Amino acid sequence: VVGIICEAWLSMNKGWITQSELENIKQFFNNRFPIYKHQFNMDLLLQYMRNDKKNQNGQINFSLLKKIGKSKIDVTCTDQTIIDSIQYYLS
């Protein structure tokens, strides 16, 4: 669930979904699953994320929402943007 909400934030950050759609996604999942409130070691987390099988050329790839019901695969984001998405989830 953390990843879904973070990827929705990344999609909003790219301008592909609206803030309202992001909030609806977050509310949907937070109403059904416990909110994971844990401090992440961001450097270690990024290191683990770099080991994912869908990554290429040292870049972390995501599947993001172009709009609700439509996705785009192999989207890269900067480390700072990834960290910002996690901080959004924790807020």
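What you see is a predicted model; the values in this text were computed from it and never measured.

A. Region of interest: the overall build of the chain. When you go through the chain residue by residue, the secondary structure sums to four helices and two strands. Sequence-ordered secondary structure for the chain, helices as α and strands as β, is α-α-α-β-β-α. Based on the C-alpha atoms only, the size of the chain along its principal axes is roughly 35 × 30 × 20 Å. Across the 91 residues that make up the chain, the buried fraction comes to 33%. Once local pairs closer than 6 in sequence are excluded, the contacts in the chain between residues at least 24 apart make up 61%. Carbon and sulfur atoms form 51% of the exposed surface of the chain, whose accessible area is close to 5900 Å². For the chain, the distance from the average site of its 11 positive side-chain charges to the average site of its 8 negative ones is 7 Å.

B. Looking closely at the layout of surface pockets. Its boundaries defined by the atoms lining it, the largest pocket holds a volume of some 230 Å³. When residues of the lining of the largest pocket are traced back to their parent elements, those giving at least two are helix 1 (2-13), helix 3 (42-50), strand 1 (61-67) and helix 4 (79-90). Considering only residue class, the lining of the largest pocket consists of ten nonpolar, four polar and three charged.

C. Up close: the nonpolar core. Of all hydrophobic cores here, the largest spans 23 residues; its most connected members are Leu22, Phe62 and Ile82. Among the secondary structure elements, those contributing two or more residues to this core are helix 1, helix 2 (19-30), helix 3, strand 1 and helix 4.

D. Here's a closer look at the packing of helix 1 against helix 4. Running from N to C, helix 1 and helix 4 point in directions that differ by 120 degrees, and their axes come no closer than 9 Å. By the criterion of interaxial angle, the relationship of helix 1 to helix 4 is oblique. Two packed elements cross with a definite hand, and for helix 1 against helix 4 that hand is right-handed. Contact residues: Val2, Ile5, Cys6, Trp9, Leu10 and Asn13 in helix 1; Thr81, Ile82, Asp84, Ser85, Ile86, Tyr88 and Tyr89 in helix 4. Class assignment for the residues of the contact of helix 1 with helix 4 results in nine nonpolar, three polar and one charged.

E. Structural view of the pairing of strand 1. The sheet contact formed by strand 1 and strand 2 (residues 70-76) spans five bridges and is antiparallel. When the sheet's bridge partners are listed, Lys67 is paired in strand 2 with Lys70. Where strand 1 folds back onto strand 2 in an antiparallel hairpin, the turn is made up of two residues, including Gly69, whose phi is positive at roughly 90 degrees.

Calculation criteria
- Within any chain, residue numbers begin from 1 and follow the written order of that chain's sequence.
- Whole-chain, interface and lining totals are the exception, using all residues; otherwise, since this is a predicted model, local features are given only for residues with pLDDT of at least 70 and side-chain atom pairs are given and counted only at 80 or more.
- Each side-chain value is worked out from all heavy atoms of the structure, with water and hydrogens disregarded.
- The numbering of helices and of strands both runs from the N terminus, where a helix is a DSSP run of H or I of at least 4 residues and a strand a run of E of at least 2.
- Residue burial is assigned from relative accessible area. The probe radius is 1.4 Å, only protein chains are included, and a residue is buried under 20% of its type maximum, exposed over 50%, and partly exposed in between.
- Note on contacts: a residue pair qualifies if any of its non-hydrogen atoms lie within 4.5 Å across the two residues.
- What sets the accessible areas is the Shrake-Rupley method with a 1.4 Å probe; for residues, cover comes only from the shown protein chains.
- Neither His nor the chain ends is counted toward charge; the positive residues are Lys and Arg and the negative residues Asp and Glu.
- Working definition for charges: the position is that of NZ of Lys, CZ of Arg, CG of Asp or CD of Glu.
- A cavity here means a set of 1 Å grid points, computed over protein atoms only, where a 1.4 Å probe fits but cannot escape. A pocket is an open set with protein on both sides within 12 Å along at least 5 of 7 lines, and lining residues have an atom within 4 Å of a point.
- Grid points are joined across faces, edges and corners, and a volume is the space filled by probe spheres set on the points.
- Residues are grouped as follows: nonpolar covers Ala, Val, Leu, Ile, Met, Phe, Trp, Tyr, Cys and Pro; charged covers Asp, Glu, Lys and Arg; every other residue, Gly included, is treated as polar.
- By nonpolar core we mean a set of buried residues, namely Ala, Val, Leu, Ile, Met, Phe, Trp, Tyr and Cys, connected to one another through side-chain atoms within 4.5 Å.
- Angles here are taken between N-to-C directions and fall from 0 to 180 degrees, while the axes themselves are lines fitted to C-alpha atoms, restricted in helices to the stretch in contact.
- Here roughly perpendicular refers to angles of 65 to 115 degrees, roughly parallel to angles under 35, roughly antiparallel to angles over 145, and oblique to all remaining angles.
- Here a crossing is called left-handed whenever its near helix is offset anticlockwise from the far helix by less than a right angle, and right-handed whenever the offset is clockwise.
- Strands are treated as partners if at least two bridges between them are detected by DSSP.

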